[in-house]
Amino acid sequence: MLPLKNIRFEKLIDLFKGNEVIVVSCPKCGALVAPDEEVCPNCNYRLEEETLERILPLLKRPEREPISAMPFPIRMAKTIVAPSSALHDVARAPDAIGPFMIYILNVLILTLFYAAVWNHIYPFGDYWILRVLGDGAIIGRLASNMLLVFIQFLFLGFAYWLPFRLVGKKSGFKKNLSIVGYAYIPVLIGRAVSLLLLFTNSPTILIPASASSLQVQILIALVFMSPVWNNVASIEIACWLWAAFLIALGIRQLNQLKTAVALISSYAIMLVFLAVYASLI
Ligand SMILES: [Zn+2]
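Computed from a predicted structure; not experimentally measured.

Student: How should I be thinking about the overall build of the protein chain in this particular structure?
Tutor: Within the protein chain one finds 9 helices and 5 strands. Along the protein chain, from the amino end to the carboxyl end, the secondary structure elements read β-β-β-α-α-α-α-β-α-α-β-α-α-α. Relative to the globule expectation of 19 Å for 281 residues, the C-alpha radius of gyration of the protein chain, 25 Å, shows a markedly less compact shape. With the C-alpha coordinates of the protein chain rotated into their principal frame, the extents come out at 95 × 30 × 30 Å. Evaluated residue by residue, the protein chain yields a buried proportion of 26% over its 281 residues. Sequence-distant contacts, at least 24 apart, represent 63% of the contacts inside the protein chain between residues at least 6 apart.

Student: Help me understand the environment of I205, please; the structure alone is not making it clear to me.
Tutor: One can find I205 in strand β5 (residues 205-207). Along the backbone, I205 and R92 are 113 residues apart, and their C-alpha atoms lie at a distance of 52 Å.

Student: Please explain helix α6 (residues 173-201) as it appears in this structure.
Tutor: Because each turn of an α-helix spans 3.6 residues, side chains separated by three or four positions in sequence point in the same direction. Along its 29 residues, α6 runs 41 Å from first to last C-alpha, staying within 8% of the 42 Å computed at 1.5 Å per residue. Taken as a whole, α6 carries its principal kink of about 30° at P186.

Student: Just checking my understanding: could you explain the domain arrangement of the protein chain for this structure?
Tutor: Interface size is often expressed as the accessible area that is lost when the parts come together. Along its sequence, the protein chain is carved into domain 1 (1-48) and domain 2 (87-280). A C-alpha centroid distance of 47 Å is found between domain 1 and domain 2.

Student: Looking at this structure, how should I read the packing of α6 against helix α8 (residues 228-254)?
Tutor: Each pair of packed helices can be described by the angle between their axes along with the distance between the axes. Here α6 crosses α8 at 160°, and the two axes come no closer than 8 Å. Considered as vectors, α6 and α8 are oriented roughly antiparallel to each other. In this structure, the crossing between α6 and α8 has a hand that is right-handed. Within the contact of α6 with α8, the residues separate by chemical class into 23 nonpolar, 5 polar and 2 charged.

So, how was this worked out
Residues numbered from 1 in each chain as written. Predicted model: local features only at pLDDT ≥ 70, side-chain atom pairs only at ≥ 80, totals over all residues. Helix = DSSP H or I, 4+ residues; strand = E, 2+ residues; numbered from the N terminus. Rg over C-alpha atoms; globule rule 2.2 N^0.38 Å. Buried ≥ 20, exposed ≤ 12 C-beta atoms within 10 Å, placed from the backbone. Contact = placed C-beta atoms within 7 Å. Expected span 1.5 Å × (residues − 1). Bend = angle between axes of the 7 residues up to and from the residue. Domains from an automatic or database assignment. Axes fitted to C-alpha atoms, helices over the stretch in contact; angles between N-to-C directions. Parallel < 35°, antiparallel > 145°, perpendicular 65-115°, else oblique. Left-handed = near helix turned anticlockwise from the far one by under 90°. Nonpolar A, V, L, I, M, F, W, Y, C, P; charged D, E, K, R; others polar.

Pasting the structure below:
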């Protein structure tokens, strides 16, 4: 057998033996590889589409390596319309500004959740002070959401970095963070829909001046426990499952994985994350 690795040729050469191709050269690095090889053993270039990529074109890798990285607004838009090329690009050249913008927007929308619900509560009599306290509490919500979303983001980045590091992949933590950051876009979209739901479907309550303080607490608790929150939770889970799909596309490029391996590991990690997340709230 020929030593297939590290042989470079100036141009594409196919060697024929009769009609049968015995080796082909990698279009990227020129190394000679066996024709049934899916990945170039020399440079990891994808030579063949995998079955999954043929079934689901959304999973198809970009045809050619882009010359320069996309600017972050393009990445944000493409994360939705052309996720494979967007996440491939993020994995190659991660940026911090895109994830940072997405983080800020997530924090703002989560804070508006509270405002949307609070907007449906009308205290009367001496309870007018609740209005002032409730409005003031939004600042506190903003601060706690900033912290919570940041911790969640770091935790998720870590959860996607550690397992691959343990099996010897050299994926950088920052690259994983950038991928996870862009994967927050569907979560952001879902939360925007939830915000609209909360504004329109939260129950409206009047707190009468004659209410006892226990009644006030119960009334307020009812608003924050209304059935609309079940829809909010369902949307949130669906968006995280969408995010896991995007992360799979990113870690596939980052860790040089097969598509099926990337998808299975991404969903496995996401399910663990969701289980932890659900147990905390
Ligand atoms: Zn190659």
